[in-house]
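Here's the letter readout for the chains.
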Amino acid sequence: MTRAMDHSPGFFDGVDTKIVESLTQTASKHLRLKVPSKAQGLEASADRFRHKVVLEKRMMALLPFHISLWQLLQTDSSKIKDKDLKSIVEDGKKRLTENPDDFKSWRVLASAYAYLGKLKESEDTLRTALQRDKEFMEGWYMMGALLYGVDRLEDASNCLAQANELDSENELLRKFYTHVSTFALVFGKK
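What counts, and at which threshold
All residue numbers refer to position in the chain's written sequence, counted from 1. Given that the model is predicted, a residue must reach a pLDDT of at least 70 before its local features are reported, and side-chain atom pairs must reach 80 or more before they are shown or counted; all residues, however, enter totals for whole chains, interfaces and linings. Working from all heavy atoms in the structure, the side-chain values ignore hydrogens and water. In this description a helix means any DSSP run of H or I spanning at least four residues, a strand means any run of E spanning at least two, and both kinds are numbered starting from the N terminus. Radius of gyration here uses only the C-alpha atoms, and the compact-globule reference equals 2.2 Å multiplied by the residue count raised to the power 0.38. Only the stretch in contact is used when fitting a helix axis, every axis being a line fitted to C-alpha atoms; angles between N-to-C directions are given from 0 to 180 degrees. By the definition adopted for this analysis, an angle is roughly parallel if under 35 degrees, roughly antiparallel if over 145, roughly perpendicular if from 65 to 115, and oblique otherwise. Throughout, a crossing is termed right-handed when the near helix is turned clockwise from the far one, and left-handed when it is turned anticlockwise from it by less than a right angle. Residue contacts are counted whenever heavy atoms from the two residues lie within 4.5 Å of one another. Residue classes follow a fixed rule: Ala, Val, Leu, Ile, Met, Phe, Trp, Tyr, Cys and Pro count as nonpolar, while Asp, Glu, Lys and Arg count as charged, and any other residue, Gly among them, counts as polar. For this analysis, a nonpolar core means a set of buried residues of the types Ala, Val, Leu, Ile, Met, Phe, Trp, Tyr and Cys, connected via side-chain atoms within 4.5 Å. Here's how the labels work: a residue is buried when its accessible area is under 20% of the maximum for its type, exposed when over 50%, partly exposed in between, all with a 1.4 Å probe on protein chains only. For every residue, the predictor states its confidence as a pLDDT score lying anywhere from 0 to 100. To estimate how far a helix should reach, multiply one less than its number of residues by 1.5 Å. Aromatic rings from Phe, Tyr and Trp, taking only the six-membered ring of Trp, are treated as a pair when their centres fall within 6.5 Å; an angle between ring planes under 30 degrees marks them as stacked, one over 60 as edge-to-face, and anything in between as tilted. Here, a charge over a ring is recorded when the distance from Lys NZ or Arg CZ to the ring centre is within 6 Å and its angle to the ring normal is within 35 degrees.

The next point concerns the overall build of the chain. Secondary structure assignment for the chain yields nine helices and zero strands. The secondary structure elements of the chain, listed N-terminal to C-terminal, are α-α-α-α-α-α-α-α-α. Its C-alpha atoms give the chain a radius of gyration of 17 Å, near enough to 16 Å, the size a compact globule of 190 residues would have. Summarising its shape, the C-alpha atoms of the chain cover approximately 60 × 40 × 30 Å along the three principal directions.

Looking now at the packing of helix H3 (residues 42-73) against helix H7 (residues 137-149). Their axes nearest at 8 Å, the elements H3 and H7 cross at an angle of 155°. The orientation of H3 with respect to H7, classified from their angle, is roughly antiparallel. Both H3 and H7 take part in a crossing whose hand is left-handed. Contacts from Lys-57, Met-60, Ala-61, Leu-63, Pro-64, Phe-65 and Ser-68 of H3 reach H7 at Tyr-141, Met-142, Ala-145, Leu-146, Tyr-148 and Gly-149. Classifying every residue of the contact of H3 with H7 by side-chain character gives 10 nonpolar, two polar and one charged.

Attention now goes to the nonpolar core. Nonpolar side chains tend toward joint burial in soluble globular proteins. The biggest cluster of nonpolar side chains holds 51 residues, and the ones touching the most others in it are Phe-12, Leu-63, Phe-65, Tyr-141 and Phe-176. For this core, the secondary-structure elements that each account for two or more residues are helix H2 (17-31), H3, helix H4 (82-98), helix H5 (103-115), helix H6 (119-132), H7, helix H8 (153-166) and helix H9 (171-187). With sequence-adjacent residues up to four places away left out, Leu-63 is seen in contact with Phe-11, Phe-12, Ile-19, Leu-23, Tyr-141 and Leu-172.

Let us now look at the confidence of the model for the chain. On average, residues of the chain score 88 in pLDDT, and 93% of them reach the 70 mark or higher. Between residues 1-9, whose pLDDT stays under 50, and residues either more than four places distant or in other chains, the model counts 16 contacts.

So, about H5. Its 13 residues place the ends of H5 18 Å apart at the C-alpha level, agreeing with the 18 Å of an ideal helix rising 1.5 Å per residue. Among the 13 residues of H5, 12 are classified as buried, and the element is accordingly described as predominantly covered. Turning to H5, its buried residues are Phe-103, Ser-105, Trp-106, Arg-107, Val-108, Leu-109, Ala-110, Ser-111, Ala-112, Tyr-113, Ala-114 and Tyr-115. Its buried side turned inward, H5 meets H2, H3, H4, H6 and H7. Of the residues trailing H5, Gly-117 is marked for its positive phi of about 80°.

Once that is clear, we can look at the environment of Leu-96. On the secondary structure map, Leu-96 appears in helix H4. Of the residues examined, Leu-96 reaches a relative accessible area of 8% and is grouped as buried. Measuring from C-alpha to C-alpha, the distance between Leu-96 and Thr-178 comes to 33 Å, with 82 residues separating the pair along the chain. Other than its neighbours up to four places away in sequence, Leu-96 contacts Asp-102, Ser-105, Trp-106 and Leu-109.

Attention now moves to unusual backbone geometry. Of note in the backbone geometry, Gln-74 takes a positive phi value of approximately 55° without being a glycine. Position of Gln-74 relative to the elements: it lies in the loop between H3 and H4. The phi torsion at Asp-151 lies on the positive side, around 65°, for a residue other than glycine. Turning to its location among the elements, Asp-151 is positioned in the loop between H7 and H8.

Time to look at the packing of aromatic side chains. Tallied over the entire structure, the rule returns four aromatic pairs. Relative to Phe-136, the ring of Phe-103 has its centre 4.9 Å away and its plane inclined at 55°; by these criteria the two rings are tilted. With Phe-103 in helix H5 and Phe-136 in the loop between H6 and H7, the pair connects residues that are 33 residues apart, well separated along the chain. Taken as a pair, Phe-103 and Phe-136 share a single burial class, namely buried. Their ring planes at 70° and their centres at 5.9 Å tell us that Tyr-141 and Phe-176 sit as a pair that is edge-to-face. Taken together, the residues Tyr-141 in helix H7 and Phe-176 in helix H9 connect sequence positions 35 residues apart. Across this residue pair, the class does not change: Tyr-141 and Phe-176 are buried. Positioned above the aromatic ring of Tyr-148 is the side chain of Lys-57, whose terminal nitrogen or guanidinium carbon lies 5.5 Å from the ring centre.

Written out as structure tokens, the structure reads:
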């Protein structure tokens, strides 16, 4: 985990350290960001800040997918290889053919697609699952995170509002919803 993430306040304050470390590894791998220098000065500080902002945004966009993979597969999501994710996709599609009401498989399939960078497929998977069950909280949460990650802030806020309504006790979800809805107000369509 980067020093910037360790010492400055942010979205992930209070989140389990293992999850944050694993998410940091995954987001760094996805983004292929170079680690900012530890040099002093205004330009170096600005580079570290930009790095932190970009990294944290990707981490937030991956969060519900990361948690789903971790919970459902009982393994650290950052350790799953692309070939394993492709196998997970095929298995998920097969399971859903056999039982389209298997929401565990919907979660795993959407998560594997997101981790492979197949955001359109992940979004399509979530839309289909949400058509089957409008109260699929994890689906709304994932959809909100996915849309946030591609800067569709208003749509993301609406999805997270739905998830928050279905699970108002989830503090991390509520924090995410507040964060995204604030960004949607400030940076959304005029």
